[in-house]
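# Observations on the model geometry
Below are the chains, spelled out letter by letter.
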Amino acid sequence: MEEIYAKFVSQKISKTRWRPLPPGSLQTAETFATGSWDNEENYVSLWSIGDFGNLDSDGGFEGDHQLLCDIRHHGDVMDLQFFDQERIVAASSTGCVTVFLHHPNNQTLSVSQQWTAAHYHTGPGSPSCSSAPCTGVVCSNPEIVTVGEDGRINLFRADHKEAVRTIDNADSSTLHAVTFLRTPEILTVNSIGQLKIWDFRQQGNEPSQILSLTGDRVPLHCVDRHPNQQHVVATGGQDGMLSIWDVRQGTMPVSLLKAHEAEMWEVHFHPSNPDHLFTCSEDGSLWHWDASTDGPERSSLFHQGGRNSTFLSHSISNQANVHQSLISSWLSTDPAKDRIEITSLLPNRTLSVNSLDVLGPCLVCGTDAEAIYVTRQLFS
């Protein structure tokens, strides 16, 4: 892989997201957004990587990401998602959800819409209006779904003042992240190791399905759905393990993969090349997992710079009756055919890597060491 470029930005970066490319576009990604946390003043910022990696006048590589614009954000940025090319949705530790609009003509960001008390604590022991952090947001135009520490799920629509639907006591524990399975269905992960599937077509406040890690109730922090096979889901949690789930069957993960040494903060399937998966962790590492089947003869070991880890469990039943080519490489049940190659992408470990995003050949990540890392040649 080509050089990964670092830029130090004097703020702890909690979230990084590529701006989506227009449908059918052949360009590579060149604009990304960041959110900060744990600073005296927090910001949502837009950056451009422009003619990134070109030789500068001294013959060295130019790896500077340029700040296009930024805007103050009240509270820590807990999550960040592009709603479309121009709008970015930010989740705040104050319980507020804000839609920012980018004005490319004069390179500014403005507040386009805001739901100030989307998440709040109620009940005995909490003040009449104590805010609860909004921990996760997912967008599927025109819908925005948010989850929070208050165990509440909100369904918003752009340009609607009020929530279209709220599930007040969706969870008695903290909801940490949310993703769409299909448009009316979402999947949440919580602080007691559960995945829950919710169907907005159903009127009740009960999940349509609950899956969980047996035993330890390890908090799950992140979730991502396979872009082509909507039943395949990856999660990461407090113990740094990567779990792969098949929501069509069973209530337990298909496989548990030993991964990071501390909390896994984000997991992302590559959107157009989903045999590749990326994770980042509190332990300062950023990993690229390659499960593509065209690699060398596969053994049951995972390789990561000479460090071997093995499958911890395979709870899935034999699926020989399913046409083999339809089974995602992440669901393969035979460890002997199943080497997954793990590459560490950062040159040396730093403080926590809080967030990452991948689009085409480009990757961006943000850290507590106040650095943003970018590479444009993931697969070269």
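Described below are features of the structure shown in this document. (Residues numbered from 1 in each chain as written. Predicted model: local features only at pLDDT ≥ 70, side-chain atom pairs only at ≥ 80, totals over all residues. Heavy atoms only, no water.)

### Regarding the overall build of the chain
From N to C terminus, the chain includes zero helices and 32 strands. The long-range share in the chain, meaning contacts at least 24 apart out of those at least 6 apart in sequence, stands at 53%. Total accessible area computed for the chain in this model is approximately 16,400 Å², and 47% of it derives from carbon and sulfur atoms. (Helix = DSSP H or I, 4+ residues; strand = E, 2+ residues; numbered from the N terminus. Contact = heavy atoms within 4.5 Å. Areas by Shrake-Rupley, 256 points an atom, 1.4 Å probe, with all protein chains shown as cover.)

### Brief notes about the sheet that holds strand S5 (residues 66–73)
Strand order in this open sheet of four strands is S2-S3-S4-S5, and the pairing throughout is antiparallel. Edge positions in the sheet fall to strand S2 (13–18) and S5, since each of these pairs with one other strand and no more. This sheet shows a mean twist of 20 degrees between the axes of neighbouring strands, independent of strand direction. Note: strand S3 (residues 31–36) against strand S4 (residues 42–48), five bridges, orientation antiparallel. For alanine 33, the partnering residue across the bridge sits in S4 and is leucine 46. (Pairing = 2+ DSSP bridges. Axes fitted to C-alpha atoms, helices over the stretch in contact; angles between N-to-C directions.)

### Some points on the packing of aromatic side chains
Following the criterion strictly, the structure yields five aromatic pairs and no others. A ring pair is formed by tryptophan 115 and phenylalanine 156, whose centres lie 4.2 Å apart and whose planes are at 20 degrees; its orientation type is stacked. Within this pair, whereas tryptophan 115 is found in strand S9 (residues 108–115), its partner phenylalanine 156 is found in strand S14 (residues 153–157), the two being separated by 41 residues in sequence. The exposure class assigned to phenylalanine 156 is buried, which follows from its relative accessible area of 3%. One aromatic cluster is present, formed by Trp18, Phe32 and Trp47 through successive ring pairs. Looking at lysine 12, its charged tip hangs above the ring of tryptophan 37, at a distance of 5.6 Å from the centre. (Phe/Tyr/Trp six-rings, centres within 6.5 Å; stacked < 30°, edge-to-face > 60°. Buried < 20%, exposed > 50% of the residue type's maximum accessible area, 1.4 Å probe, protein only. Lys NZ or Arg CZ within 6 Å of the ring centre and 35° of its normal.)

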